[in-house]
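Coordinate analysis (summary)
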Amino acid sequence: MTDLRKFAWYQLGVIALGLVAYLVMFATTRNVMASFAGFAVLAFLGVPSLLLIRRRRWPLTDERDRAIWSRAEVEGYRVFGLALVVWAVWVGASFADKGQVPLAFVFPVVWVGILLMIVARSIFTLVLDSRGP
Amino acid sequence: MTPKGSPFTSQIRRLRFEHGEMTQEDLAKRVGVTRQTIIALEANRYVPSLLLAVRLARVFQVSVEELFVFESG
């Protein structure tokens, strides 16, 4: 398994852990906003880079890794952009008559957007690593 | 970079065996890539950069055209 593949699996694992932490906190506090603190475990996404900072070019070992990563990153941002547009249209339609959007509908978009982007990037990395960039 | 419909057919596998059954790992080390990249090249799932193509050609002492046969017109 390549370092890039390991990194993609690690990211998906941390995000799954973040979702579990969120659900556990929601089950105990019943507070949607406070439960977002569960996503603090996403800080673990940066751990491999910190530990392997001395390993040059990690996790992009060669030109194929770089090609896969670039393509996956573009697809990740594409998913993020699409989700943002869908969210904006939905919020606009839902709160048009009120003239303002509750903060509870604005704050999560950052978390959800970042999660979607990383999940999409990781999945595309795994797919492209199997099929070719 | 697209593997599907790639007009090139890699001759790397044949040349490895003609060069004393060189392993994929050995070849990968000699050209500075991972073994997975060699596997992808042999399976025609990756079109390499010009730099990598030249490095591979030099290892086998053939031309790039001999290493990656261009099949479609």
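Above this text sits the structure in question.
Counting from 1, residues in each chain are numbered in the order their sequence is written. Naming scheme: in the order in which they are written, chains are lettered from A and ligands are numbered from 1. For this predicted model, a pLDDT threshold of at least 70 governs which residues receive local features, and a threshold of 80 or more governs which side-chain atom pairs are given and counted, while totals over whole chains, interfaces and linings are taken from all residues. Note that the side-chain values use all heavy atoms of the structure and ignore hydrogens as well as water.

**Some remarks on the packing of aromatic side chains**
- Side-chain rings of Phe, Tyr and Trp, where Trp is taken by its six-membered ring, are said to pair if the distance between their centres is within 6.5 Å; with planes under 30 degrees apart they count as stacked, over 60 as edge-to-face, and otherwise as tilted. Here the structure, examined in full by the defined rule, presents 6 aromatic pairs over all chains.
- With a centroid separation of 6.4 Å and an interplanar angle of 10°, the aromatic rings of Tyr22 of chain A and Phe26 of chain A are classed as stacked. With Tyr22 of chain A and Phe26 of chain A both in helix α1 (residues 3-29) and 4 residues apart, the pair spans about one turn of that helix.
- Geometrically, the ring pair formed by Phe8 of chain B and Phe70 of chain B is tilted, given 5.3 Å between the ring centres and 50° between the ring planes. Placement of Phe8 of chain B in strand β1 (residues 8-10) and of Phe70 of chain B in strand β2 (residues 68-70) is noted, with a sequence separation of 62 residues between them.
- Members of the aromatic cluster, each reached through a chain of ring pairs, are Tyr22, Phe26, Phe36 and Phe39 of chain A. Here a helix means four or more residues in a row that DSSP labels H or I, a strand means two or more in a row labelled E, and each is numbered from the N terminus.

**Some points on the pattern of salt bridges**
All names here are of chain A.
- One speaks of a salt bridge when a side-chain nitrogen belonging to Lys or Arg is within 4 Å of a carboxyl oxygen belonging to Asp or Glu. Scanning the entire structure with this criterion turns up 9 salt bridges over all chains.
- For Arg5, the salt bridge identified is with Asp129, shortest N-O distance 3.0 Å. Residue Arg5 is found in helix α1, and its partner Asp129 is found in helix α5 (residues 103-131); the two are separated by 124 residues along the sequence.
- The classification of residues rests on relative accessible area computed with a 1.4 Å probe and restricted to protein chains. Under 20% of the type maximum is buried, over 50% is exposed, and intermediate values are partly exposed. Under the relative-accessibility criterion, Arg5 is labelled partly exposed at 21%.

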